[in-house]
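Remarks on the overall topology
Here is how the chains run, residue by residue.
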Amino acid sequence: MSRETTGTAVTATSSPEQRSPKIAVDLRAVEMRFELPGGGTTVALQDIDLRIGAGEFVSIIGPSGCGKSTLLRIVGDLIRPTSGTVEVNGKGAHQARLDRDYGMVFQAPVLFDWRTVAANVRLPLEILGLDQRERERRVAEMLELVELSGFLNHYPYQLSGGMQQRVAIARALSLQPALLLMDEPFGALDEMTRERLNAEVLRIWRQTGTTVIFVTHSIPEAVFLSTRVAVMSPRPGRIIDVVEVDLPQPRNESTRESERYFELVTDVRESLRGRRQRASNERLKTEGPAG
Amino acid sequence: MSAAVPTVPHSGTLGAGLVVRAWARRYLPPAVVALAGVVLWELLTAGPGRRVIPAPSAIVVAAIQDYGLLGRSAQATFTEAFGGLVIGTVGGVAVAFASARWVTARNVLLPVAIGSSAIPIIAVAPILNNWFGVLNPVSKMMMAALLVFFPVLINVTRGLVEVSPSALELMRSYASNEVHVLRKVRVPNMLPFFFTALKVATTLSFIGALVGEYFGGTSEVLGRVVLQSMSSGSFPLAWAGILLGAMGAIVGYVAVSFIERLAIPWHAAIRLDEA
Amino acid sequence: MTVDRTRRKRFLGIAAFLAAFAVVWEGVKWVAGDPWRLTGIGYEHHPPFRIIQFSDRHLPHLWDIAAAFVKPFQRNADYSLGRYLLDQALYTWQEAIIGFVAGAIIGIILASVFVHSGILERAFVPYVVASQTIPIVALAPLIVVSFGSGLTSVVIIATYLTFFPVTIAVMRGLRSPDPRAVELMRSFAASRWDIYRKVRLPASVPYLFSALKIAAAASVVGTIIGEGPGGVPHGLGRAILTFNQQYITGPEKLWATILVAASVGIAFFVLVRVAEVLTMRRRGIALP
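All values reported here derive from a predicted model rather than from experimental measurement. (Residues numbered from 1 in each chain as written. Chains lettered and ligands numbered in written order. Predicted model: local features only at pLDDT ≥ 70, side-chain atom pairs only at ≥ 80, totals over all residues.)

1. Examining helix 9 (residues 235-245) of chain C
Rules: Counting other C-beta atoms within 10 Å of a residue's C-beta gives its exposure: the residue is buried at 20 or more, exposed at 12 or fewer, and partly exposed in between, where C-beta atoms are placed from the backbone. Helix and strand assignments follow DSSP, with helices taken as H or I runs no shorter than four residues and strands as E runs no shorter than two, numbered in order from the N terminus. Contacts here follow a simple rule: the backbone-placed C-beta atoms of the two residues must lie within 7 Å.
Extensive coverage of helix 9 of chain C is indicated by the burial of eight of its eleven residues. Listed in full, the buried residues belonging to helix 9 of chain C are Gly 235, Leu 236, Gly 237, Arg 238, Ala 239, Ile 240, Phe 243 and Asn 244 of chain C. Contacts from the buried residues of helix 9 of chain C go to helix 5 (125-132) of chain B together with helix 3 (81-116), helix 8 (192-227) and helix 10 (251-282) of chain C.

The following block contains the structure:
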């Protein structure tokens with residue numbers, strides 16, 4: 001049923017317009033409390049400290065309800081944390097949103113039924129106010145990047161779930177953001193499509209050099225995609241471990257079969273089960289990628 | 001979002017048979033019923049003598065005999081219905097935008113509009129005839145407009161307000177303002193609702209015009225033609241008038257459906273998917 | 001919010017609406033109506049503008065309308081307008097209800113037949129759907145004349161107006177159950193009749209009630225139009241025609257009739273709603 005085109009090598013002709021500082025995202029002592037309808041509060045996130053360097057691919061993994069989606073939305077200034085500071089590209093998160101420094105991909109594609117694929121990708125560019133020629137250029141470029149150039153004038157209902165998500169990714173990248181936030185984007189897809197899209201995301205990441213924060217509850221996915229995996233505890237969510245993923249790039253199917261991959265998957269799994277207690281808390285506060 | 005629909009490649013000779021069969025399956029039974037119905041009607045009512053429910057042939061004859069009167073009356077009534085449709089729709093859309101913008105207005109207007117659907121609004125037809133002049137087509141237009149106003153208001157407001165929260169969150173991530181959201185999300189979202197209301201409204205506009213005429217009007221409008229020929233016993237003409245009015249409503253409905261297909265092609269396809 | 005508080009809130013909402021309605025009514029007369037001369041309390045007022053539709057003749061004061069209820073319904077008549085309108089309202093109510101119930105029953109039966117027979121559905125349902133675009137209400141006078149100006153014809157109108165929306169809604173409702181629930185029943189070797197009774201029919205109840213609310217209003221409208229222009233000598237439709245003729249001397253009576261007609265519509269709606277709540281409650285579904 002899928003009508004996806006076979007992959008062709010595409011090189012990105014543009015690079016992020018902003019010169020991103022070395023630290024892309026800086027979270028310090030972030031805490032999030034929600035008021036309960038019956039009264040009282042619940043703590044969703046507690047004492048979150050995380051520094052993400054430019055160009056990294058960081059996954060956030062944790063059990064359901066641990067607050068990872070909330071955390072992502074805090075980075076995107078869609079929710080204000082109760083306390084703590086959030087800096088994106090050296091500015092406050094709010095300013096980063098107003099400057100449109102990031103693109104976001106949600107679990108559902110959230111495409112507009114009434115717009116063609118091209119028009120959907122164009123949406124943020126219209127809001128940004130770019131002129132028509134620039135808009136069309138970027139749309140074409142982004143659709144080439146996600147390998148959907150032949151579907152410019154299709155409507156979302158004509159595409160499969162995986163294709164719709166690729167359109168959503170193209171849309172998120174059309175602003176050429178320095179930061180890409182992804183909230184379990186492939187959760188609703190079947191395993192095979194998911195693995196294929198994982199490879200696509202990595203390819204796009206390599207070509208564009210965007211920093212990526214990727215929320216997931218799939219351990220294999222987190223390890224395969226990331227340079228680091230931040231493991232969260234159940235509610236109240238804290239970052240209990242950060243696993244360095246030192247698998248070589250570029251990663252492909254054979255990576256998934258390597259011994260090191262399985263070791264790392266096991267490490268993450270053990271962390272999730274709370275069995276890997278790190279000796280010192282310093283490990284939680286990382287200063288960026290090792291290399 | 002719906003999954004992909006594998007489009008069937010254009011049928012060759014083998015496929016053509018399938019298409020014809022599907023077409024026949026869909027259209028033949030109702031066509032047979034229509035034909036049988038008309039024939040049965042004719043058989044039961046044909047023959048001399050004045051009948052309250054005349055034979056179809058008698059109706060056609062009466063229509064041809066009085067085609068001038070019927071034609072002028074139809075034109076007058078169709079104008080009233082159309083005028084009322086336009087006024088009611090414009091009013092409904094305007095107030096809907098206002099109630100989408102201001103929550104307090106919405107909390108007042110929407111329950112009123114929904115509650116009005118329980119009331120026989122048509123009962124104010126004689127009042128409107130008195131207000132605007134019983135011989136003035138505007139009085140019938142006002143009746144039609146009043147009937148049209150409420151469904152349009154309810155549906156357009158719903159369409160503007162009932163937008164998925166994810167879409168709104170997406171727009172916020174682009175730091176867009178209310179105008180962006182209105183133009184790019186709410187208005188397109190509202191269009192299917194609008195056309196649904198418009199289809200109902202075409203029928204209502206004819207009801208408003210005809211019933212307004214029943215309570216009084218010039219003698220060359222369909223409603224008066226129907227009543228007058230009824231009281232003078234020329235039932236074929238009365239039926240001709242009524243059928244003409246019904247046809248006007250159907251034509252209006254079809255026209256709106258057609259415009260809907262052009263304006264929101266994506267929506268019809270989705271509905272077909274879900275059928 | 002507890003049920004009591006919701007009920008109180010709704011009651012207050014209605015009261016507030018009625019108050020606002022009265023204020024708007026008299027308000028427009030205050031701004032653009034005829035001069036006010038309330039000799040009883042010695043109040044005089046000259047409105048700054050003049051819109052003819054808001055004159056005393058076209059938009060009587062609410063208290064004049066209220067007063068008309070207790071005056072005789074015509075010169076030298078024995079009983080008051082209020083009593084007369086109540087009689088007519090009951091007459092209209094009767095016709096509408098009988099037609100409504102008949103239409104609902106027919107609609108449910110037809111829907112059940114159509115859901116189980118593909119060919120019948122394909123043959124007849126297009127007409128059911130198409131009929132919704134026809135201004136059937138406008139056919140009312142013709143039907144009255146065709147079937148005689150008695151109870152029968154108006155009941156026929158109400159039946160006709162009810163069974164169309166009910167058929168379509170109940171069809172949708174009968175088809176609404178999860179196919180897996182139906183599959184489960186069939187795995188128990190349940191017959192089609194069992195499935196119909198135990199799964200489809202209960203599932204169609206919410207759809208039925210939403211159609212009934214529409215049909216209730218349509219029945220009342222159809223009944224009134226059938227009575228009025230259709231020439232039935234009783235009912236609110238007749239009253240509207242009568243008082244329309246007396247408009248010059250007493251527009252309040254026409255307005256009073258319209259208010260009574262509106263009340264009948266609302267009463268009908270409330271009746272359906274109560275039936276809905278009772279039915280749903282028995283099934284253990286809480287309603288807002």
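2. Comments concerning the nonpolar core
Where we set the bar: The nonpolar core is taken to be a set of buried Ala, Val, Leu, Ile, Met, Phe, Trp, Tyr and Cys residues joined by way of C-beta atoms within 7 Å.
The biggest cluster of nonpolar side chains holds 135 residues, and the ones touching the most others in it are Val 211 of chain B together with Val 166 of chain C. Non-local contacts of Val 166 of chain C, meaning those with residues more than four positions away in its chain, are made with Gly 103, Ala 104, Gly 107, Ile 108, Leu 208, Ala 211, Leu 212 and Ala 215 of chain C. Judged by nonpolar contacts, the second largest core, of 83 residues, contains Ile 61, Val 75, Ala 118 and Val 215 of chain A.

3. Observations regarding the environment of Gly 33 of chain C
Residue and element names in this part refer to chain C. Structurally, the position occupied by Gly 33 is in the loop between helix 1 (3-32) and strand 1 (36-38). Overall, Gly 33 belongs to the buried group, with 24 C-beta atoms counted inside 10 Å. Taking the C-alpha atoms as reference points, Gly 33 and Leu 142, separated by 109 residues in sequence, lie 40 Å from one another. Leaving out residues up to four positions away in the same chain, Gly 33 has contacts with Val 28, Pro 47, Phe 54, Ser 55, Asp 56 and Leu 59.

4. Focus: the environment of Thr 45 of chain B
Within the element layout of this structure, Thr 45 of chain B appears in helix 1 (residues 13-45). Residues Thr 45 of chain B and Ala 94 of chain B, 49 residues apart in the sequence, show an inter-C-alpha distance of 50 Å.

5. Re the sheet that holds strand 1 (residues 23-35) of chain A
Sheet strands pair by backbone hydrogen bonding; their relative direction is either parallel or antiparallel. Residue and element names in this part refer to chain A. The line we're drawing: Here, a strand pair is defined by DSSP locating no fewer than two bridges between the strands.
One open sheet accounts for four strands, arranged 2-1-4-5; its pairing is antiparallel. Of all the strands in the sheet, just strand 2 (41-53) and strand 5 (91-92) have a single pairing partner and so form its edges. Judged from the nine bridges that link them, strand 1 and strand 2 form a sheet pairing that is antiparallel. Across the sheet, residue Arg 33 finds its bridge partner in strand 2, namely Val 43.

6. Quick notes on the sheet that holds strand 10 (residues 239-244) of chain A
All names here are of chain A. We apply this condition: An axis is simply a line fitted to the C-alpha atoms; with a helix, the fit covers only the stretch in contact. Between two such axes, the angle follows the N-to-C directions and lies from 0 to 180 degrees.
Read from one edge to the other, the open sheet built from six strands follows the order 6-7-8-3-9-10, with strand pairing classed as mixed. Looking at which strands have only one partner, the edges of the open sheet turn out to be strand 6 (102-105) and strand 10. Along the sheet, successive strands turn relative to each other by an average axial angle of 15°, direction set aside. Where strand 7 (residues 179-183) and strand 8 (residues 211-216) come together, five bridges link them in parallel fashion. Across the sheet, residue Leu 181 finds its bridge partner in strand 8, namely Ile 213. Here helix 5 (residues 161-174) sits on the sheet in contact with strand 6 and strand 7, set at roughly 165° to strand 6.

7. Some thoughts on the arrangement of the chains
Inter-chain contacts occur across two pairs of chains; the most extensive set of contacts lies between chains B and C. At their nearest point, the C-alpha atoms of chain A and chain C are still 12 Å apart, with no contact between the two.

8. Details of the interface of chain C and chain B
To keep things clear, this is the line we draw: Here the nonpolar group is Ala, Val, Leu, Ile, Met, Phe, Trp, Tyr, Cys and Pro; Asp, Glu, Lys and Arg are the charged ones; every other residue, Gly included, is treated as polar.
Contacts between the two partners involve 36 residues from chain C, matched on the other side by 38 residues from chain B. Contributions of two or more residues to the side of chain C that touches chain B are made by helix 1, helix 4 (118-131), helix 5 (140-147), helix 8, helix 9 and helix 10 of chain C. Looking at the side of chain C that touches chain B element by element, the count peaks at seven residues for helix 10 of chain C. Residues belonging to the side of chain C that touches chain B are distributed by class as follows: 28 nonpolar, seven polar and one charged.

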